[in-house]
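Working through the structure, step by step
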Amino acid sequence: MLGALCSSSICIPAAIIVALRFGRSVREVVVGDARGFAVNLLALAPVAWLMARTFSLPSGWWATLLFALPLYTTRVAYQKFVEMREMFTQTIGALAEAVDKRDPFTSRHSWRVKEIAVDIGREMRVSEVELEALEWGGLLHDVGKIGVPDRVLLKQDRLTREERTIMNAHPVLGEQIIKPVAKLARELPIIRHHHEWYNGSGYPDRLIGHEIPKLARILHVADAFEAMTAARPYRLTPLTPEQAIAELRKFSGIQFDPEVVDAFVRTRWAEGLPDPGRPTVEPRPIPLLAQAAGRLSQAASPPTSTAAPPS
Ligand SMILES: [Fe+2]
Ligand SMILES: [Fe+2]
């Protein structure tokens, strides 16, 4: 975005406007976007020098016009790139919405999860590349539900063990669906691991602590908060944001990464709400022996008790 404006030599004012619009620091905007357009500017510098030299020749301004065509085509190509990216994001959004729409209770779920996850990412000062992964990963995290039959996805009663196993396969299924899209390689760990628990009792791989990719830990908190504060067939009255924050704190260190929960309570989603703060005693991770036993019994007994049920 900023790159397009920088060609008009208004980088800093544009950065200030973008920063104010999205609640980010000017430095963050300039440094983050600079990666995207630095190469472009470096490539244009020799052209600018050549134009200046040509202009200083007798009748040089006529010759300078010769540069107009390649510069114009470059400009058009860049504009096409921006449009393609926008179209890609919109297509992903439409796919996510199609998945969410299957269940009337989860309409716009993925879009809201994406919004929350990006805000947490900003609080944790992740890179621009990681923010983009959170954006697309947030939209696509539940895409594997395409493969979950209606009798399971839309069931209003408690799921049986077999149905729970089918439902819990959606992260792996989502990874398999997205894998052929090379451009979305960074989003794959988010999709696969967004139901892992910090203490190692999540799924599908029962990763523990920082074995879980950072962006998946962020998405897990965003996913849980959205699920808790929206109506679900098993809980028609959603939790208030205040109650949901209390749940996040309660399960901090068990289900959720405490650092991510700390970052979440600094976002606009928790603004003005009371925060019980971190638990005074950090819950211990499950013992290694129990963890190993859990891994062995994973296929037979997927975890079912959660502060925020799979969404
Ligand atoms: Fe999910
Ligand atoms: Fe979800």
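Computed from a prediction, not measured in an experiment: that's the story for all the values here. (Residues numbered from 1 in each chain as written. Chains lettered and ligands numbered in written order. Predicted model: local features only at pLDDT ≥ 70, side-chain atom pairs only at ≥ 80, totals over all residues. Heavy atoms only, no water.)

1. Digging into the overall build of the protein
Rules: Every helix listed is a DSSP run of H or I at least four residues long, and every strand listed is a run of E at least two residues long, numbered separately from the N terminus. Three labels apply to residues, based on accessible area from a 1.4 Å probe with only protein chains included: buried if under 20% of the type maximum, exposed if over 50%, partly exposed otherwise in between. Contacts: residue pairs with any heavy atoms within 4.5 Å of one another. To measure how exposed things are, a 1.4 Å probe is used in the Shrake-Rupley method; for residues, cover is taken only from the protein chains shown.
Along the backbone of the protein there are 15 helices and 0 strands. With 311 residues in all, the protein has 41% of them scored as buried. Residue pairs at least 24 apart in sequence account for 65% of intrachain contacts in the protein once pairs closer than 6 positions are excluded. As displayed, the protein has an accessible area near 16600 Å², and 64% of this comes from carbon and sulfur atoms.

2. What about helix H6 (residues 109-123)?
Counting along an α-helix, one turn takes 3.6 residues, and residues three or four places apart therefore face a common direction. The cut-off we apply is this: The length a helix should cover is 1.5 Å for every residue beyond the first.
Given a rise of 1.5 Å per residue, 15 residues ought to cover 21 Å, and the 21 Å separating the end C-alpha atoms of H6 matches this to within 8%. Taken residue by residue, H6 has His109, Ser110, Val113, Lys114, Ile116, Ala117, Val118, Asp119, Ile120 and Gly121 as its buried positions. Looking at the packing, one finds that the buried side of H6 touches helix H5 (68-101), helix H7 (128-140), helix H12 (214-228) and helix H14 (258-264). One or two steps after H6, the chain reaches arginine 125, where phi turns positive at roughly 55°.

3. Considering the pattern of salt bridges
The criterion, for reference: Every case where a carboxyl oxygen of Asp or Glu lies within 4 Å of a side-chain nitrogen of Lys or Arg is listed as a salt bridge.
Applying the stated criterion across every chain yields a total of 20 salt bridges. Three or more residues joined by partner-sharing salt bridges are found here, namely Lys114, Glu115, Asp119, Arg122 and Arg268.

4. Here we look at a nonpolar patch on the surface
Where we set the bar: Two joining distances apply to patches: 9 Å for like charges and 5 Å for nonpolar side chains (Val, Leu, Ile, Met, Phe, Trp, Tyr), and every residue must have over 30% relative accessible area and no salt bridge.
On the surface, a cluster of nonpolar side chains totalling about 370 Å² of accessible area is made up of Ile12, Ile16, Leu20 and Val26. Per-element tally for the nonpolar patch: the top contributor is helix H2 (residues 11-22), with 3 residues. Accessibility expressed as a relative area gives 33% for valine 26, which makes it partly exposed.

5. Digging into the packing of aromatic side chains
Our working rule: A pair of aromatic rings is counted whenever rings of Phe, Tyr or Trp (Trp by its six-membered ring) have centres within 6.5 Å, and the orientation is called stacked for planes under 30 degrees apart, edge-to-face for over 60 and tilted otherwise.
In the structure shown here, the tally under the stated rule is 3 aromatic pairs. Geometrically, the ring pair formed by tyrosine 78 and phenylalanine 81 is tilted, given 6.3 Å between the ring centres and 40° between the ring planes. With a gap of 3 residues between them, tyrosine 78 and phenylalanine 81 both fall in helix H5, about one helical turn apart. Here phenylalanine 88 and tryptophan 136 contribute two aromatic rings whose centre-to-centre distance is 5.0 Å and whose plane-to-plane angle is 85°, an arrangement assigned as edge-to-face. With a gap of 48 residues between them, phenylalanine 88 in helix H5 and tryptophan 136 in helix H7 connect regions that are remote in the sequence. By relative accessible area, tryptophan 136 is classed as buried at 1%.

6. Notes on helix H10 (residues 170-178)
Definition in use: By arc we mean the arc of the directions from the helix axis to the C-beta atoms, nothing more.
Those residues of H10 lying buried are His170, Pro171, Gly174, Glu175 and Ile178. Buried residues of H10, viewed axially, fall in a sector of 140°; they line one side. Taken together, the buried residues of H10 touch H7, helix H9 (161-167) and helix H11 (188-193).

7. A short note on the packing of H6 against H12
As a reminder, the rule being used: All axes are obtained by fitting lines to C-alpha atoms, using only the stretch in contact for helices, and the reported angles, taken between N-to-C directions, cover 0 to 180 degrees. Angle categories are assigned with fixed cut-offs, so that under 35 degrees is roughly parallel, over 145 is roughly antiparallel, 65 to 115 is roughly perpendicular, and the rest are oblique. Note: crossing handedness is left-handed where the near helix turns anticlockwise from the far helix by less than a right angle, and right-handed where it turns clockwise. Residue type decides the class: Asp, Glu, Lys and Arg count as charged, Ala, Val, Leu, Ile, Met, Phe, Trp, Tyr, Cys and Pro as nonpolar, and the leftover types, Gly among them, as polar.
Their axes nearest at 8 Å, the elements H6 and H12 cross at an angle of 130°. For the element pair H6 / H12, the angle class is oblique. When you trace H6 past H12, the crossing you get is right-handed. Of H12, the residues touching H6 (which contributes His109, Arg112, Val113, Ile116, Ala117, Ile120 and Gly121) are Ile218, Leu219, Val221, Ala222, Asp223, Phe225 and Glu226. For the contact of H6 with H12, the residue count by class is 9 nonpolar, 2 polar and 3 charged.

8. Re the nonpolar core
This is how the line gets drawn: As used in this record, nonpolar core signifies buried Ala, Val, Leu, Ile, Met, Phe, Trp, Tyr and Cys residues forming a set joined through side-chain atoms within 4.5 Å.
Core analysis: the biggest nonpolar cluster contains 29 residues, and Ile120, Leu134, Ile218, Val221, Leu248 and Phe264 have the highest contact counts within it. Counting only elements with at least two residues in this core, the list comes to H6, H7, H12, helix H13 (241-250) and H14. Here this core gets 8 residues from one element, more than from any other, and that element is H12. Every residue in contact with leucine 248, bar those within four places of it in the chain, is listed here: Val221, Ala224, Phe225, Met228, Phe256, Val261 and Phe264.

9. Some details on the confidence of the model for the protein
Selection criterion: The predictor's confidence in any single residue is recorded as pLDDT, a number from 0 to 100.
Here the protein shows a mean pLDDT of 84. Residues at 70 or above account for 82%. Mean pLDDT across the elements of the protein ranges from a minimum in helix H15 (residues 288-296), with 47, to a maximum in H11, with 98. For the stretch residues 1-5, pLDDT sits under 50, and the model shows 16 contacts to residues farther than four places along the chain or on other chains. Contacts from residues 292-306, a stretch scored under 50 in pLDDT, to residues over four places away or in other chains number 24 contacts.

10. Details of the packing of H12 against H13
Across the interface, H12 lies against H13 with an axial gap of 9 Å and an inter-helix angle of 140°. Put simply, H12 runs oblique to H13. Considering only the axes of H12 and H13, their crossing is right-handed. For the pair H12 and H13, contact is made by Val221, Ala224, Phe225 and Met228 and by Pro241, Ala244, Ile245, Glu247 and Leu248, respectively. Looking at the contact of H12 with H13, its residues break down into 8 nonpolar, no polar and 1 charged.

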